[in-house]
Amino acid sequence: MHYFRLYLQFIKIRLTSIVSYRGSFFAGVIAQFLSYGAGFFATWLLVKAFHELNGWTPYEVLLLYGMNLFSYALAAFFFFNLAVDIENLVISGRLDGILVKPVNPFLYLICNGFNVAYFSHISLAVFTMIICFRGLGISLTPIMLVMLALSILGAALIHAAALVMTSVPAIWMLRVRFSDILYWGMREFINYPLSIYNRAVQVILTFILPYGFISFYPAQLFLGKEDYLFHPSLPYATLPVGLGLFFVAYRFWRYGIDRYQGTGT
Amino acid sequence: MSYINVENVVKEFKVVRREKGLINALKSLFHREYDIVTAVDHISFTIDKGELVGYIGPNGAGKSTTIKMLSGILVPTAGRITVDGVIPHQNRKENARRIGVVFGQRSSLEWDLPMEETFDLFQKIYRIDDRMYKRNVEFYVELFAMQSFLKRPVRQLSLGQKMRAEIAVALLHDPEILYLDEPTIGLDVVAKNHIRQFIKRINSEKKITLMLTTHDMDDIEQICDRIIMIDQGKLLYDGFLQNFKEKYGGEYTITVDFAYAEEGREVDPRLQLVSIEGQRKVYVAHRSVIETTEALRYFIDNFDVSHLNIREADIEDVVRNAYVKG
C-alpha cells in the first residue's frame, strides 16, 4: 500500500515533467513507434517471402513477435529505469540518497521509474496480436484468454529477470557490456519459431537462457501447434519459469546492493 | 553505552588497478589486479544524544565513507557500529527512519518539482502522519525562509536555496540524528553563514544530534562544540573545540613582497621564515605569540613593503600541524 501510494505520486510527477517537456516527449514516442514499427515490418516481409517457416504461417510467426514485444514492453515499463539507469544512479550518487530512506530500494526504483514511453510498444504489440488472431480466424475462449494473460505475465517476468540480472554488475561499477549484448542479441532469436534452429540453440534457449518461454512455447498452445520440443508440457511452463527466474534475479540484485561500494565522495 | 558507537571500524575498498597503454588494457580484460585502499582505518568514537560534532579532515580523509557506514549504505570491513542500539547496515530501514542525511555534493530533490510538491513526496516516502507533516512544513519553511521559492521548480533555485531545501526535506520526518556531509560546500559567504545559523538552531531547538563533515575552518569554529579530526582514515583528534583551537589553531601565514631585496636584515624571531622566492618571503606565526595586527604593523613600520597578505590556517595546515605535534 505504501509503495502503491508512492507509485501514484511518482506517476503524477512524471506526468508533470512530460507537460513541461512536451516536445521531447512526443519526439520520443514517435521515434519508438518508428523503430519498433520497422522491426514489425521486417519480420512480416521476411515471413511473407518464405510463406511459411517450418510449418509456421506468417501470422503465426508474427504472433511470436507480438508476444515478445508485449511482454518486453511490460517488463521494461516497470524495470527499465531500475535496470538500465542504475549505472547513472551509482555514478551520480543518487543511489546513496535512496539507500538512506526507509524504503526497499528495489520497489522504490520501480515506483520512481514510471515511463510513459512504453505505451507505444504496448499498443503496437496489442495491435499485432489482434491482427494475428484475426488473420488466423482463432477466437480465444475465456480460458485461453486467461492462459494468454498468464503467459504474457510469465514472459514479462523472464524479460524483467534478464534486465535485472544484467544490471547487477553496474551496481559494482563494473561495466559489463557482454551481458547486455547477450541479452539484447538473444531477444532477436525468439521472433522466429524455436523449431527452425538446430538442437544446440534449442537447448540454450530452453534450459540456459530460457527465452523460448517468452513466445515460442506459449504460442504453441494458442495456435494448436504440435511441433513439441523436449516435452509437451513446456507450453504451460511460462509462468512458473518466469516466477522462478524473477525470484533468482531479485535475490541477485539484493546481493548486488549488499555489496555496493559507493563512489568515494 | 552511548547513542552512537563506532568501535575500531575499518573500511577497505577493492580498486581495480589500471595501467597505462593498450596492451595493459587488453590484459586487464582477462586478468585484473586489485589494490586495497583503506578509507577508514581503525576509527573509534562515541557520540551522545544532542551533541553537535564536526567531523573534519582534508579531502579524501574518509569522512564521507564514515557517514555512509553510519547511515547504513556501506558495510564496514571490520569493527562495529551501533546507532541507538541498532546496527545500521543490518537494519538499514529501521535506522533510516531515525536519521536524516544530506550530501552536500548531490541532490535528493526532484529537479522539475517545486518544493511544495517535494514535501508531499517525502511525506509519502517516510509515511509521515498529516499533523506532524503540517507542523514540520510550517516550521521549516519559516526557519529556512523558504516562502519566496516554494512554488519554483528546484532546477531554478540558487545553490543556497537548494541546500536549505535539502536540509528541510531531511528533517521532515523528525529524525533524531542528522548527518550533513559538506553542507556548505560551494556556497558563498552569506549563504554559508545562513546555513551555519540554521544548523545551530536545529541542534538547540529541536535537540537533534548532529554530525557534520567539513573541511571549512570557519564551519568548524562557528558551529561545532566538539571536533573529531581524521586524515587518511586515521583519527587524529577528538575533543572540545576550545582545546582544538588551543592545540592546533591560531596559526597564520604572512606573505610579504618587499620593495627592495632586504638582504641580511634580521626579522622579529616570533615570525618564522618558511620560504623565499625573489623579493617575496613567507612567514608563519602563531596568535598566542604575536597577534596578526602586531605582525602587520611590524612589517609596515620597519620595512618598505609593496604587498602584504595574511592567510589563516586551513584544514590542511591544521592536519599538518597535528602530525608535527602528535
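The rules behind each value
- Residues numbered from 1 in each chain as written.
- Chains lettered and ligands numbered in written order.
- Predicted model: local features only at pLDDT ≥ 70, side-chain atom pairs only at ≥ 80, totals over all residues.
- Heavy atoms only, no water.
- Core = buried A, V, L, I, M, F, W, Y, C linked by side-chain atoms within 4.5 Å.
- Buried < 20%, exposed > 50% of the residue type's maximum accessible area, 1.4 Å probe, protein only.
- Helix = DSSP H or I, 4+ residues; strand = E, 2+ residues; numbered from the N terminus.
- Domains from an automatic or database assignment.
- Contact = heavy atoms within 4.5 Å.
- Buried area = accessible area lost by both parts, 1.4 Å probe.
- Salt bridge = Lys/Arg side-chain N within 4 Å of Asp/Glu carboxyl O.
- Polar contact = N/O pair within 3.5 Å; in protein donor to acceptor, adjacent residues only side chain to side chain.
- Expected span 1.5 Å × (residues − 1).
- Bend = angle between axes of the 7 residues up to and from the residue.
- Pairing = 2+ DSSP bridges.
- Axes fitted to C-alpha atoms, helices over the stretch in contact; angles between N-to-C directions.
- Parallel < 35°, antiparallel > 145°, perpendicular 65-115°, else oblique.
- Left-handed = near helix turned anticlockwise from the far one by under 90°.
- Nonpolar A, V, L, I, M, F, W, Y, C, P; charged D, E, K, R; others polar.
- pLDDT = per-residue confidence, 0-100.

Q: For this particular structure, what's the right way to read the nonpolar core?
A: Nonpolar side chains tend to gather and get buried jointly when the protein is soluble and globular. Ranked by internal contacts, the top residues of the largest apolar core, which has 172 residues, are Phe119 and Phe244 of chain B. Among the elements that take part in this core, helix α3 (residues 58-84) of chain A stands out by supplying 16 residues, more than any other. Two domains share this core, each providing at least three of its residues, namely domain 1 (4-246) and domain 2 (250-325) of chain B. The contacts of Phe244 of chain B, once residues within four sequence positions are left out, are Ile56, Met217, Ile220, Ile227, Met229, Tyr237, Gly249 and Val318 of chain B. Leu271, Tyr298, Phe299 and Phe303 of chain B belong to the second largest nonpolar core, which has 13 residues in total.

Q: Just to check I follow, could you spell out the interface of chain A and chain B for this structure?
A: Where the parts come together, the accessible area they lose is often given as the size of the interface. Across the contact, 33 residues belong to chain A and 32 residues belong to chain B. Buried surface at the junction of chain A and chain B, summed over both partners, amounts to about 2,800 Å²; 55% is from carbon and sulfur atoms. The largest contributions to the chain A side of the interface with chain B come from Val100, Pro102 and Gln261 of chain A, which together make up 24% of the buried area. Our count for the contact surface shared by chain A and chain B stands at two salt bridges. Of the charged contacts, one joins Lys68 of chain B and Asp96 of chain A as a salt bridge, the two residues approaching to 3.4 Å between their closest N and O atoms. For the interface between chain A and chain B, the tally reads nine residue pairs in polar contact (both at pLDDT 80 or more). Put simply, the parts of the chain that give the side of chain A that touches chain B at least two residues each are α1 (2-20), α5 (94-99) and α6 (105-112) of chain A. With nine residues, α1 of chain A is the single largest residue contributor to the side of chain A that touches chain B.

Q: Looking at this structure, how should I read α3 of chain A?
A: The α-helix advances 3.6 residues per turn, and as a result positions three or four apart in sequence lie on the same side. All names here are of chain A. In a regular helix each residue adds 1.5 Å, so 27 residues correspond to 39 Å; α3 covers only 33 Å between its end C-alpha atoms and thus falls short of that length. Most pronounced at Phe78, the bend in α3 amounts to some 60 degrees. When you tally the buried positions in α3, you get 21 out of 27 residues, the bulk of the element.

Q: What should I look at first to understand the sheet that holds strand β12 (residues 280-286) of chain B in this one?
A: One key point about sheets: their strands pair by backbone hydrogen bonds, in either a parallel or an antiparallel sense. Residues and elements named next belong to chain B. Here four strands make up an open sheet; going across it, the order is β11-β12-β10-β13 and the pairing antiparallel. Where the open sheet ends on each side, the last strands, each with one partner, are β11 (272-277) and β13 (305-312). This sheet shows a mean twist of 20 degrees between the axes of neighbouring strands, independent of strand direction. Bridging between strand β10 (residues 251-258) and β13 involves seven bridges; their strand directions are antiparallel. For Ile254, the partnering residue across the bridge sits in β13 and is Ile310.

Q: So what exactly am I meant to see when it comes to the packing of helix α4 (residues 115-126) of chain B against helix α6 (residues 159-171) of chain B here?
A: Each pair of packed helices can be summarised by the angle the axes make with each other and by the distance between the axes. Residue and element names in this part refer to chain B. Between α4 and α6, whose axes approach to 10 Å, the crossing angle comes to 25 degrees. Taken as axis vectors, α4 and α6 run roughly parallel relative to one another. Note that α4 runs across α6; the crossing there is right-handed. Two secondary-structure elements touch here, α4 through Met115, Thr118, Phe119 and Phe122 and α6 through Ala165, Ala168 and Val169. The residue makeup of the contact of α4 with α6, split by class, is six nonpolar, one polar and no charged.

Q: I'm lost on the side chain of His2 of chain A in this one. Help?
A: By secondary structure assignment, the location of His2 of chain A is in helix α1. Here the side chain of His2 of chain A touches Ile125 of chain B through a polar contact of 3.1 Å, landing on its backbone oxygen. Excluding anything up to four places from it in sequence, His2 of chain A contacts Val103 of chain A together with Lys124, Ile125 and Arg127 of chain B.

Q: Sorry if this is basic, but what is going on with the confidence of the model for chain B here?
A: As a general rule, the predicted coordinates of low-pLDDT regions are not to be interpreted in detail. The predicted model of chain B averages 87 in pLDDT, with 97% of residues at 70 or higher. For this predicted complex, the interface score ipTM comes out at 0.80, alongside a pTM of 0.82.

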